[in-house]
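Architecture and fold: a report
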Amino acid sequence: MTTMTARSKTDIRYKPVGQFEETRYEKIHNVIFDNSNDASIEVAEEIANLIKRKQLSDKMCVLGLATGSSPIRVYEELVRMHQEEGLSFKNVVTFNLDEYLPMDKENTQSYYFFMHEHLFNHVDILPENVHIPDGKVPSDKLVEYCLSYEKKIKDFGGLDFQLLGIGRTGHIGFNEPGSHYNSGTRVITLDHITRVDAAPAFLGIDNVPRRAITMGISTVRSAKRIILLGWGQNKADIIKKTIEGDISAHVPATYLQNHKNCTFVLDTGAGSELTRNRTPWLVRSCEWTEELTAKAMVWLCGKTKKTILSLTDKDYNDNGMADLLSLKDSYDLNIWMFNRLQHTITGWPGGKPNADDSNRPERAQPAKKRVIIFSPHPDDDVISMGGTFDRLIEQGHEVHVVYQTSGNIAVSDTDARKYAEIAKQITDSKEAQKIIDSIKEKTKSSFDSKEVRKLKGNIRRGESYVATRYLGLEDTNVHFLDLPFYETGTIKKNNLSEEDIEIMVDVIQEIKPHQIYAAGDLADPHGTHRVCLDAVFSAMERLKSEPFAKDCWLWLYRGAWHEWDINEIEMAVPMSPGQVLKKRNAIFAHQSQKDGVMFQGDDTREFWMRAEERNRDTAKRYNDLGLSDYSAMEAFVRHKFD
Ligand code: F6R
């Protein structure tokens with residue numbers, strides 16, 4: 001199997017999975033790329049080659065196409081090939097997998113709109129060759145319509161190629177769990193998880209349609225070649241189930257195991273749960289780096305339900321780690337790992353003054369540090385590191401909280417109207433009335449006016465001050481950057497611009513921190529955390545020659561969406577039961593994000609519950625490994641700039 005480092009040609013052609021190779025747990029051929037960009041280019045190239053081959057023999061090329069976030073980059077590349085290399089789509093016929101029901105073509109959420117925006121409007125495909133299920137077919141005509149869609153595919157000689165994404169339910173197209181192996185194009189009721197995943201795009205789950213038209217499993221399987229795209233950690237579990245699990249209607253994508261020319265093209269995140277990546281020692285001999293040893297030992301403790309210090313030779317030998325044992329004695333291994341974990345625990349996140357720091361996560365000097373806590377949204381600081389934040393202040397460091405985005409999109413219209421009405425009662429201002437009117441007039445598909453966005457941002461600012469004051473921080477140490485990339489008024493954000501990076505550089509330059517904390521929590525549903533972290537990296541890259549930057553350590557936190565693996569953690573800050581409550585209260589200050597928050601993600605728990613459970617779980621996992629029994633812990637990984 002291939003993992004790429006730099007972009008060079010990678011063979012994604014189908015190859016049967018080997019019984020004796022490291023892929024022996026796998027039932028579907030897959031290729032893993034370092035990133036989805038390189039992978040998408042390779043897939044686009046395969047499609048382009050197919051189109052050209054068909055052109056040479058004067059044949060039509062019948063493509064089955066998908067929507068969603070996964071294929072966007074593939075379409076971009078096809079458009080580039082058309083514009084710059086003259087790739088023609090005149091001999092291309094397309095059939096899209098699905099469409100919501102009911103759905104107008106003009107609606108920006110429609111798959112019709114999506115396909116035209118990302119592909120059809122930019123290439124020379126003939127409009128009559130484009131087929132997308134029609135979301136406006138009347139109920140009594142739907143069965144007939146679906147049969148005719150199916151027949152049209154057959155009339156064109158069947159699909160030469162099918163592009164797929166995968167939903168977290170394991171759906172392909174909208175074939176949700178329970179779909180039959182032989183199903184054809186039909187109407188389907190969407191799974192709750194699918195609707196939750198679509199909710200942000202529709203500004204709330206209530207606006208997501210309940211039904212859709214989808215090509216069936218049998219329609220998809222009939223394609224001569226299938227490529228399924230999977231990007232990101234969020235897809236890792238379902239990808240593992242699909243590739244390594246048994247064929248089952250509960251995970252419809254597993255039906256692809258029977259296809260003779262199907263390849264999954266993945267990035268490292270999506271492929272991370274496959275046995276050969278998650279537990280490589282079970283499928284091949286490994287190079288035992290310290291990181292891999294730590295990962296394997298934590299896994300071994302989980303598997304044997306033992307603490308580190310009680311692992312025996314037999315435990316190692318029985319679980320694919322005999323070659324590790326040949327390098328080091330189990331006694332030495334156990335002690336090494338125990339100490340490694342022990343040394344990550346500290347109640348002094350800013351360093352313990354006047355103490356030997358050789359085995360501590362942070363430096364003792366300077367005793368009083370300047371600290372920046374970067375928070376992508378106005379609440380990640382307290383959700384993800386409220387306990388550590390509290391300690392840093394208590395221990396006398398100069399703490400600054402820097403909110404990177406305004407977070408305005410996550411405030412509901414109801415909340416905004418409430419505040420505007422209060423303002424109106426107090427001041428009787430025209431501005432307040434304008435905001436009230438604009439919210440009243442807002443339809444499902446319209447965007448917030450500038451004034452409403454400003455008010456929503458101010459609501460989040462106000463909540464942030466409640467939290468930071470509660471933790472004892474001066475208002476002067478609270479900074480709001482309102483980075484421009486976020487201010488689109490829609491879920492879709494812009495790319496980072498020069499302006500964003502300059503704003504970041506300025507604030508870091510002004511504070512000259514010894515420590516930066518930033519969100520390494522990259523599973524947030526809208527990708528804002530990823531962009532905010534890139535902004536930190538870009539700013540630090542520009543500042544690297546500044547004397548202060550050489551002494552500045554960057555700690556990454558998680559918490560709102562997922563947590564670090566125990567073996568990755570480099571600093572674990574325990575919290576007392578009292579601090580857990582204090583953190584909870586600080587999170588409660590963010591009232592607009594409580595009780596039925598607009599962007600919940602797939603986790604139904606409120607943010608304070610997620611944070612508390614994760615922190616409790618981290619502490620329990622340390623304890624299960626044989627370390628002290630704390631009630632909760634926040635976890636950090638240090639990013640080394642080199
Ligand atoms: C889209 C489709 C769906 C998506 C799947 C993944 O036409 O049929 O099966 O491919 O829901 O969506 P993304 O790519 O947005 O994760």
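Above this text is the structure in question.
Below is a short write-up of the structure. (Residues numbered from 1 in each chain as written. Predicted model: local features only at pLDDT ≥ 70, side-chain atom pairs only at ≥ 80, totals over all residues. Heavy atoms only, no water.)

Pairing in this open sheet of seven strands is parallel, and the strands run S1-S10-S9-S6-S2-S3-S5 from one edge to the other. At either margin of the open sheet sits one strand with a lone partner, and together these are strand S1 (29-33) and strand S5 (130-131). Pairing of strand S6 (residues 161-164) with strand S9 (residues 226-230), which is carried by three bridges, proceeds in the parallel orientation. Residue pairing in the sheet places glutamine 162 in a bridge with isoleucine 226 of S9. (Pairing = 2+ DSSP bridges. Helix = DSSP H or I, 4+ residues; strand = E, 2+ residues; numbered from the N terminus.)

Another point: the pattern of salt bridges. What the rule picks out here adds up to 47 salt bridges. Of the charged contacts in the structure, one is a salt bridge between arginine 80 and glutamate 85, with a shortest N-O distance of 3.0 Å. Salt bridges sharing partners connect three or more residues here, namely Arg73, Glu76, Glu77, Arg80, Glu84 and Glu85. (Salt bridge = Lys/Arg side-chain N within 4 Å of Asp/Glu carboxyl O.)

Attention shifts here to a nonpolar patch on the surface. Nonpolar side chains collect at one region of the surface, where Leu309, Tyr331 and Ile335 lie side by side and expose about 300 Å² of accessible area between them. Mapping isoleucine 335 onto the fold places it in helix H12 (residues 330-342). Judged by relative accessible area, which is 33%, isoleucine 335 ranks as partly exposed. (Patch = residues over 30% accessible without salt bridge, like charges linked within 9 Å, V, L, I, M, F, W, Y side chains within 5 Å. Areas by Shrake-Rupley, 256 points an atom, 1.4 Å probe, with all protein chains shown as cover. Buried < 20%, exposed > 50% of the residue type's maximum accessible area, 1.4 Å probe, protein only.)

Residue position: threonine 346 is located in the loop between H12 and strand S11 (370-375). Of the residues examined, threonine 346 reaches a relative accessible area of 5% and is grouped as buried. A distance of 2.9 Å separates a polar atom in the side chain of threonine 346 from the backbone nitrogen of tryptophan 348. Non-local contacts of threonine 346, meaning those with residues more than four positions away in its chain, are made with Arg360, Pro361, Met571, Ala572, Val573 and Pro574. (Polar contact = N/O pair within 3.5 Å; in protein donor to acceptor, adjacent residues only side chain to side chain. Contact = heavy atoms within 4.5 Å.)

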